[in-house]
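# Chains, contacts and geometry: an overview
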Amino acid sequence: MVLARIVIFVIVILILLAIMFFILRNNYIEEKIKLFKLKMLIITGKDEQARKYALKFIDQFPKNFEAHKILGSLYEKQGNISVALDEYIRAVELNGNDFEMHYKVADLLQKNNRNEDAIIMLQDLLKLKPDYLEASKLLGNILYDEERFKEAVSVYMYALRYNPADYELYYNLGMTFTRLNDFQRAKEFYRKAAKINTYLYNGQYNLALIEMIQGELEQAEKYLQQAIKEEELEPMAYFYLAHIAMRKKEKLKAIDYLNLALELDEKIKEKIENQPIFKPIQDKIRIPSEPNKKIKIRLSKKERKTNEYLEEMYSLVDSLNGGNILNNTKNNKEIEIQIEQEKER
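What counts and what doesn't
- Per chain, residue numbering runs from 1 following the sequence as it is written.
- The predicted nature of this model means local features are confined to residues of pLDDT at least 70 and side-chain atom pairs, given and counted, to a pLDDT of 80 or more, with totals for whole chains, interfaces and linings taken over all residues.
- To obtain the side-chain values, all non-hydrogen atoms of the structure were used and water was disregarded.
- Counting from the N terminus, the helices are DSSP H or I runs at least four residues long and the strands are E runs at least two residues long.
- Whether two residues are in contact is decided by their heavy atoms: any pair within 4.5 Å suffices.
- Salt bridge, as applied in this entry: a Lys or Arg side-chain nitrogen positioned within 4 Å of an Asp or Glu carboxyl oxygen.
- Using a 1.4 Å probe on the protein chains alone, a residue whose accessible area is under 20% of its type maximum counts as buried, one over 50% counts as exposed, and one in between counts as partly exposed.
- Interaxial angles span 0 to 180 degrees and are taken between N-to-C directions of axes, which are lines fitted to C-alpha atoms, for helices over the stretch in contact.
- The scheme is simple: roughly parallel for angles under 35 degrees, roughly antiparallel for over 145, roughly perpendicular for 65 to 115, oblique for anything else.
- We call a crossing left-handed when the near helix sits turned anticlockwise from the far one by less than a right angle, and right-handed when that turn is clockwise.
- Note that Gly is not counted as nonpolar here; it falls among the polar residues with everything else outside the nonpolar set of Ala, Val, Leu, Ile, Met, Phe, Trp, Tyr, Cys and Pro and the charged set of Asp, Glu, Lys and Arg.
- Among the buried residues, those of types Ala, Val, Leu, Ile, Met, Phe, Trp, Tyr and Cys that are joined through side-chain atoms within 4.5 Å form a nonpolar core.
- Two rings from Phe, Tyr or Trp (for Trp, the six-membered ring) form a pair when their centres sit within 6.5 Å of each other. Planes less than 30 degrees apart are called stacked, planes more than 60 degrees apart edge-to-face, and all others tilted.
- Over a ring means this: the NZ of a Lys or the CZ of an Arg is within 6 Å of the ring centre and within 35 degrees of the ring normal.

## Description of the environment of Ala 193
Assignment of secondary structure puts Ala 193 in helix H10 (residues 183-196). Considering only alpha carbons, one finds Ala 193 and Glu 168, 25 residues apart in sequence, at a separation of 6.8 Å. Contact partners of Ala 193, with chain neighbours within four places excluded, come to Tyr 167, Tyr 170, Tyr 171 and Leu 200.

## With respect to the pattern of salt bridges
Taken as a whole and assessed by the stated rule, the structure comprises 25 salt bridges. The partner of Glu 93 in a salt bridge is Arg 90, and the shortest N-O contact between them spans 3.5 Å. With Glu 93 and Arg 90 both in helix H4 (residues 81-94) and 3 residues apart, this pair spans about one turn of that helix. The exposure class of Arg 90 is partly exposed, given its relative accessible area of 30%. Arg 114 serves as the salt-bridge partner of Asp 117, at 3.1 Å between the closest nitrogen and oxygen. One continuous salt-bridge network, built from bridges that share partners, spans Glu 134, Lys 137, Asp 166 and Glu 168.

## Notes on the packing of helix H11 (residues 201-213) against helix H13 (residues 234-247)
Contact geometry for H11 and H13: axes closest at 11 Å, N-to-C directions at 25°. Judged by the inter-axis angle, H11 sits roughly parallel to H13. For the element pair H11 and H13, the recorded crossing hand is left-handed. Facing H11, whose interface residues are Tyr 205, Leu 209 and Met 212, H13 presents Met 236, Ala 237, Tyr 240, His 243 and Ile 244. Partitioned by chemical class, the residues of the contact of H11 with H13 number 7 nonpolar, 1 polar and no charged.

## Thoughts on the side chain of Arg 51
You can see Arg 51 is positioned in helix H2 (residues 47-60). We classify Arg 51 as buried; its relative accessible area is 17%. Setting aside residues up to four positions removed in sequence, Arg 51 forms contacts with Leu 71, Leu 74, Tyr 75 and Gln 78.

## Some thoughts on the nonpolar core
Core analysis: the biggest nonpolar cluster contains 100 residues, and Met 212, Leu 224, Tyr 240 and Phe 278 have the highest contact counts within it. Ranked by the residues each element gives to this core, the list is headed by H13, at 10 residues. The contact partners of Leu 224, leaving out residues within four places of it in the chain, are Tyr 205, Ala 208, Met 212, Ala 237, Tyr 240, Leu 241 and Ile 244.

## Focus on the packing of aromatic side chains
Within this structure, the stated rule accounts for 12 aromatic pairs. Aromatic side chains Phe 177 and Phe 189 sit 5.6 Å apart centroid to centroid with 5° between the ring planes, which places their arrangement in the stacked category. Residue Phe 177 is found in helix H9 (residues 167-179), and its partner Phe 189 is found in helix H10; the two are separated by 12 residues along the sequence. The residues Phe 177 and Phe 189 share a single accessibility class, namely buried. Members of the aromatic cluster, each reached through a chain of ring pairs, are Tyr 205, Phe 239, Tyr 240, Phe 278 and Tyr 314. A cation sits over an aromatic face here: Arg 179 above Tyr 309, 4.7 Å from the ring centre. The residue whose ring lies beneath Lys 302 is Tyr 144, and the NZ or CZ to ring-centre distance is 4.9 Å.

So this is what it looks like as structure tokens:
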């Protein structure tokens, strides 16, 4: 009697398990079929229909991270970024190992001026995957934009452990040490970047300006001759080559360089007029009669900001030394102290 009851109990349990398995299996199959249908709507370009279908799908299967990703991408395509971010973040919560989704969220946050949220997202991502190169670069760039330069240096240096041959890390370190006024280290990293990527002309341009700040005009001239190979840098490179020529009492060469600069960018005229060093040759400079061709903007915002900073530093050091850097006898440390004092004023 007892045995019969046990047998019946076991049979009932097995039947219940079979029913549950059948239900779960059917739900799983239904989920996969509906997800496939959702993807087909995307492939066929029926975005609005796909968005509505995705909302219903998520109501039925709220833990399907792929559906949240798809819905997020649809909102992003519509330009509804805040809602897209909500869906992407939900996808990350459901699948913490989707590192690309982590990065996607951080990138969108940064593009929408939510830098602090992006920093937290990237720091969490790098704890999970410390060798994620693009995440390190994005985090370093955000910290640079926030002027948290020492933190940016730490991020780039840590990334070098996993990516010692990546020229962009050395280049980013060069730009960041530039903003810290650590010009010796900046030069070190610009040179390392240039060894890996010989077409890194903006690195050569920055090296030239640092050498000019430090009074090394011969070396600066060599770097500027490389920088003129980049169209966007060409006008200012010729402008600074003219500076060096004037320092070296080579007026004819300076005139040629300035005329070349003006042919490329007539806005250089204002810079020339504001430089006392060019007063003796201003009447020899030709203003182009035809508009300059439009120069393609290739440099990033970060690169342009670094260039502008170095240009300001050179102008400052030049004025601090009475406009005669060639005969400057101050050491680099004294120059850096002067720069800091002037900035504080």
